[in-house]
Amino acid sequence: MGRIIKKGDRGIATQYITRNQAIKRLQVTLSDYRKICILKGIYPREPKKKRHLKKGTNKTYYHIKDVQYLSHEPIIDKFREFRVYLRRVKRAIGRKDYYTAHELKLRKPTYKLDLVIRERYPTLQDALRDLDDALSTIALFSTMAQIAGVQGSIIHACTRLLAEFQLYVIETKSLRKVFLSIKGIYYQCSIMGEIITWIAPQEFTTRRPADVDFRLMLTFVEFYINLIGFVNFHLFQKLNLTYPPKISGRLEAPPHLHIHKAHNYQFKFERYETLDMLTSLNHSIEGAGTNLEEGDDELDPDLMSDDDVTEEELAIRESQKREEKMILAQQELFKNYFFFLDREVSKSPLVFCIRSCGGSATWEGDTRHNVEVSDEGITHHITDRGSQLSHLYLLREYIQPQWVFDSLNCRRCLTMSEYRPGDTLPPHLSPFMQEKEGDYIPPERLAIIQYERGEGGEEMSDPDNLESESDKDESAVTQVESGTDGGVKKRKQKRKRPLGVGQVIRGQVENLQITDDSLEEDKLRAMLLTKKKRKLYEKLKGRDKRHSNRINKLRERRKQIERKKMLEAK
């Protein structure tokens with residue numbers, strides 16, 4: 001008789017263990033286990049067949065190999081040393097042996113995350129792919145006030161790392177998209193071929209939410225600080241620049257601002273750090289003009305030959321050349337412009353966008369340019385006061401802040417007539433929106449798409465009249481004169497031009513009349529399906545119907561807005 005195998009001794013039941021079992025195996029506390037899992041990137045697993053597990057289906061499971069991987073981590077030994085250190089300090093204070101307690105505090109155990117960063121991200125490219133959440137978290141903590149649990153050193157480190165990364169984006173001019181929303185400001189840049197998108201909070205006073213566990217968040221912040229420091233070091237090294245970067249003309253803080261004995265000094269220190277980040281964004285890095293590495297944008301001469309090249313490859317090359325020209329135009333968008341920012345305007349996002357496009361900015365109290373409001377070199381005055389301006393200068397343009405962000409997204413300087421102070425601004429469209437077939441596209445977005453194809457001007461056109469050249473080439477049919485052998489007409493269609501990336505051929509709308517017979521045929525076909533597939537078919541039809549109804553509502557709403565504008569114009 002063979003050996004009887006008990007339930008849970010083989011198969012999937014032996015590959016997963018619960019969280020309590022993992023804590024007992026590693027001999028750590030729950031907080032230390034959470035911390036080590038966050039640092040090492042270990043997350044719970046969902047078993048395929050939970051019913052085969054012994055502990056039930058309502059528990060959190062980890063893979064046994066992940067727990068074995070954590071058991072060899074040297075940081076766990078540091079956590080154990082820290083627990084022993086806390087017991088010794090508590091015992092010394094309980095015995096009123098303050099000298100021993102002070103000596104123990106000087107020998108507080110510490111650990112480094114350098115090896116953890118190297119294990120999780122072997123190359124810089126891997127780190128750049130996972131930088132979105134890190135930048136968003138760092139930007140959030142850089143705007144927070146010093147509260148219980150969040151030390152000032154953490155806020156200062158987040159502010160410094162974010163300013164260094166933004167300085168790199170400014171020097172390389174790699175900012176591509178910006179969008180302002182209620183949640184915050186979305187930025188997107190392209191670094192070494194990787195698209196990085198992060199969100200920064202608005203410049204308002206932040207309040208600590210009661211339902212957020214800041215102890216857990218601070219573990220992520222600790223890891224992200226080391227990660228972004230590693231990324232910033234390698235990025236500046238690619239540019240042959242020293243790290244930390246040296247800011248030309250940067251002012252040092254007065255000595256009395258570094259004293260933390262009184263609340264007044266602490267407030268001045270935080271205020272200085274906020275001002276220092278803004279001024280650092282407006283200054284250039286020492287040696288950045290001579291040591292920048294220029295990318296090799298020239299194409300291979302073998303690839304530039306048109307021999308034995310298909311139409312698809314030609315279309316891809318044309319789209320790439322067009323995209324390179326648009327990026328170069330975006331990098332020099334504000335090259336000869338000098339902006340003055342009023343005091344009510346959010347300065348950090350504007351300075352970041354203006355300098356990323358080659359422009360210069362100043363404001364009242366700026367330490368770099370040190371110019372007055374009446375300076376004749378100012379070309380644009382950004383204000384958000386409406387029409388309540390005390391004095392107007394003739395040699396400059398007065399605009400609202402949205403013009404900078406819309407121009408950056410459109411990759412061209414838009415007309416300023418719609419962005420005058422006090423005027424109703426046009427809609428701020430999201431550049432991250434990807435249009436699908438059948439979606440409603442506003443006419444402003446259609447004009448941007450038309451410009452990117454190289455067809456449109458600066459004014460917005462009617463969406464019904466927007467047709468691409470490929471549409472005209474597709475519908476253009478020429479007739480050749482009839483010959484002498486019977487008057488047979490020959491039609492010759494023009495050669496189709498290759499389409500670029502993002503271009504589509506506009507189809508001809510046919511007047512299809514849906515009859516009762518076609519509806520009956522659809523019903524009969526649906527009856528032939530199985531019950532499961534019939535329900536899925538009905539769900540798909542309902543989804544398409546809801547989508548079309550939503551698009552029709554948007555179109556009707558747009559028509560009402562246009563009618564209202566026409567009546568107000570009259």
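Use the structure listed above.
Sequence order as written defines residue numbering, which begins from 1 separately in each chain. Local features are withheld for residues below a pLDDT of 70 in this predicted model, meaning they are given only at 70 or higher, and side-chain atom pairs are given and counted only at 80 or more; totals for whole chains, interfaces and linings count all residues. Working from all heavy atoms in the structure, the side-chain values ignore hydrogens and water.

Draft legend 1. Main features of the overall build of the protein. Elements are defined by DSSP. Helices are runs of H or I of four residues or more, strands are runs of E of two residues or more, and each kind is numbered from the N terminus. Along the protein, the regular secondary structure elements total 20 helices and 11 strands. Relative accessibility under 20% of the residue-type maximum defines a buried residue, over 50% an exposed one, and the middle range a partly exposed one, all with a 1.4 Å probe and only protein chains included. The proportion of buried residues among the 570 residues of the protein is 35%. The contact rule is simple, with two residues in contact once any of their heavy atoms fall within 4.5 Å. Partitioning the intrachain contacts of the protein with sequence separation of at least 6 by distance along the chain shows that 63% fall at a separation of at least 24.

Draft legend 2. Molecular detail of unusual backbone geometry. A cis geometry characterises the amide bond from Y243 onward to P244, with omega recorded as 0°. Residue placement: P244 occurs in the loop between α10 (214–238) and α11 (263–282). A positive phi angle, near 60°, is found at K96, a position not held by glycine. With respect to the helices, strands and loops of the structure, K96 is situated in the loop between α4 (74–94) and α5 (98–106). Positive phi outside glycine occurs at R411, with the angle close to 65°.

Draft legend 3. Region of the structure containing the packing of helix α1 (residues 19–26) against helix α2 (residues 30–40). Axes here refer to lines fitted to C-alpha atoms; in helices the fit is confined to the stretch in contact. Angles between the N-to-C directions go from 0 to 180 degrees. For the pair α1 and α2, the least separation of the axes is 10 Å and the interaxial angle reads 95°. Considering their axes alone, α1 and α2 lie roughly perpendicular with respect to each other. Listed contacts from α2 to R19, A22, I23 and L26 of α1 are L30, Y33 and R34. In this count, Pro and Cys sit with the nonpolar residues alongside Ala, Val, Leu, Ile, Met, Phe, Trp and Tyr, while Asp, Glu, Lys and Arg are called charged and the others, Gly among them, polar. Of the residues that constitute the contact of α1 with α2, the class distribution is five nonpolar, no polar and two charged. Should an angle fall under 35 degrees it is called roughly parallel, over 145 degrees roughly antiparallel, and 65 to 115 degrees roughly perpendicular, with every other angle called oblique.

Draft legend 4. Quick look at α10. Between the first and last residue of a helix there are one fewer steps than residues, each counted as 1.5 Å, and that sum is the expected span. In this model α10 runs 35 Å from its N-terminal to its C-terminal C-alpha over 25 residues, within 8% of the 36 Å that 1.5 Å per residue would give. We call two N or O atoms a polar contact when they sit within 3.5 Å, provided that within protein one can donate a hydrogen and the other can accept it, with sequence-adjacent residues counted only if both atoms are side-chain atoms. One side-chain oxygen at the N-terminal end of α10 lies 3.3 Å from the backbone nitrogen of R215; it belongs to D213. One or two residues past the end of α10 sits N240, with phi positive at roughly 60°.

Draft legend 5. Structural detail: a positive patch on the surface. Together, R87, R88, R91 and R95 line one region of the surface with positive charge. Examined against the element boundaries, R95 turns out to sit in the loop between α4 and α5. Nonpolar side chains (Val, Leu, Ile, Met, Phe, Trp, Tyr) are joined into patches within 5 Å and like charges within 9 Å, using only residues with over 30% relative accessible area and no salt bridge. Per-residue and other accessible areas were derived by the Shrake-Rupley procedure at a 1.4 Å probe size, with only the shown protein chains allowed to occlude residues. Throughout this description, the term salt bridge denotes a Lys or Arg side-chain nitrogen within 4 Å of a carboxyl oxygen of Asp or Glu. Note that His is not counted, nor are the chain ends; the positive residues are Lys and Arg, and the negative ones are Asp and Glu. The atom standing in for a charge is NZ when the residue is Lys, CZ when it is Arg, CG when it is Asp and CD when it is Glu.

Draft legend 6. Quick look at a negative patch on the surface. Where like charges cluster on the molecular surface, the negative patch consists of D517, E520, E521 and D522. Tracing the chain through its elements places E520 in helix α19 (residues 516–527).

Draft legend 7. Structural detail: the packing of aromatic side chains. Ring pairs shown here join Phe, Tyr and Trp side chains whose ring centres sit within 6.5 Å, with only the six-membered ring taken for Trp; geometry is labelled stacked below 30 degrees between planes, edge-to-face above 60, and tilted in between. Applying the stated criterion to the full structure yields 20 aromatic pairs. Judged by centre distance (5.4 Å) and plane angle (80°), the ring pair of Y33 and Y62 falls under edge-to-face. Separated by 29 residues along the polypeptide, Y33 in helix α2 and Y62 in strand β2 (residues 61–63) bring together distant segments of the chain. With a relative accessible area of 1%, Y33 lands in the buried category. The class for Y62 is buried, based on a relative accessible area of 7%.

Draft legend 8. Inspection of the side chain of Q400 at higher detail. With respect to the helices and strands, the residue Q400 is situated in the loop between β9 (397–399) and α16 (402–410). Ignoring sequence-local partners within four residues, the contact set of Q400 consists of I382, T383, D384, Y419, R420, P421, G422, D423 and L425.

Draft legend 9. Representation of the pattern of salt bridges. Summed over the entire model, instances satisfying the criterion amount to 16 salt bridges. Where R160 meets E164, a salt bridge forms, and the shortest distance between an N and an O atom there is 3.2 Å. One end of the pair is R160 and the other is E164, both in helix α9 (residues 152–172) and four residues apart, which spans about a single turn. Exposure remark for R160: the relative accessible area of 36% places this residue in the partly exposed category. Looking at E164, the relative accessible area reads 5%, which means it is buried. Across the pair R543 and D544 runs a salt bridge, and its minimum N-O distance is 3.8 Å. For R543, a relative accessible area of 48% puts it in the partly exposed group. Taking the relative accessible area as the measure of exposure, D544 reaches 46% and is therefore partly exposed. Within this structure, K40, E73 and E119 form a network of salt bridges that share partners.

Draft legend 10. Representation of the sheet that holds strand β7 (residues 360–363) in the model. The strand order across the open sheet built from four strands is β7-β6-β8-β9, with neighbouring strands paired in parallel fashion. The strands lining the two open edges of the sheet, one partner per strand, are β7 and β9. When strand polarity is set aside, the average angle formed by the axes of neighbouring strands in this sheet is 25°. Two strands qualify as a pair provided DSSP detects at least 2 bridges between them. Judged from the three bridges that link them, strand β6 (residues 338–341) and strand β8 (residues 380–382) form a sheet pairing that is parallel. The residue of β8 that forms the bridge with L341 is I382. Against the sheet, helix α15 (residues 347–356) touches β6, β7 and β8, its axis set at about 155° to β7.

Draft legend 11. Molecular detail of the packing of α2 against α4. Where α2 meets α4, the axes come as close as 11 Å, and the angle between the chain directions of the two elements is 150°. By the angle between their axes, α2 is roughly antiparallel relative to α4. When the axes of α2 and α4 are compared, the crossing they make is right-handed. Residues D32, K35 and I36 of α2 touch α4, and the partners they reach there are I75, I76, F79 and R83. Residue classes in the contact of α2 with α4 are distributed as four nonpolar, no polar and three charged. Here is the rule for handedness: rotate from the far helix to the near one, and if that takes an anticlockwise turn smaller than a right angle the crossing is left-handed, while a clockwise turn gives right-handed.

Draft legend 12. Main features of the sheet that holds strand β4 (residues 185–191). Here three strands make up an open sheet; going across it, the order is β3-β4-β5 and the pairing antiparallel. With partners counted over all chains shown, the strands left at the sheet margins are β3 (175–180) and β5 (194–200), one partner each. Going across the sheet, the axis of each strand differs from the next one's by a mean of 15°, ignoring polarity. Pairing geometry for β4 and β5, over seven bridges, is antiparallel. Across the sheet, C189 pairs through a bridge with I196, a residue of β5.

Draft legend 13. Spotlight on the pairing of β6. The alternating pattern of β6 places F338 and F340 and F339 and L341 on opposite faces, both of which are buried. With four bridges connecting them, β6 and β7 associate as parallel partners. Opposite F339, over in β7, you have A361 as the bridge partner. With the strands aimed away from the viewer, a crossover counts as right-handed if its path from the first strand over the helix to the second runs clockwise. Once the chain exits β6 it traverses α15 before rejoining the sheet at β7, and the crossover so formed is right-handed.

Geometry only, nothing functional implied.
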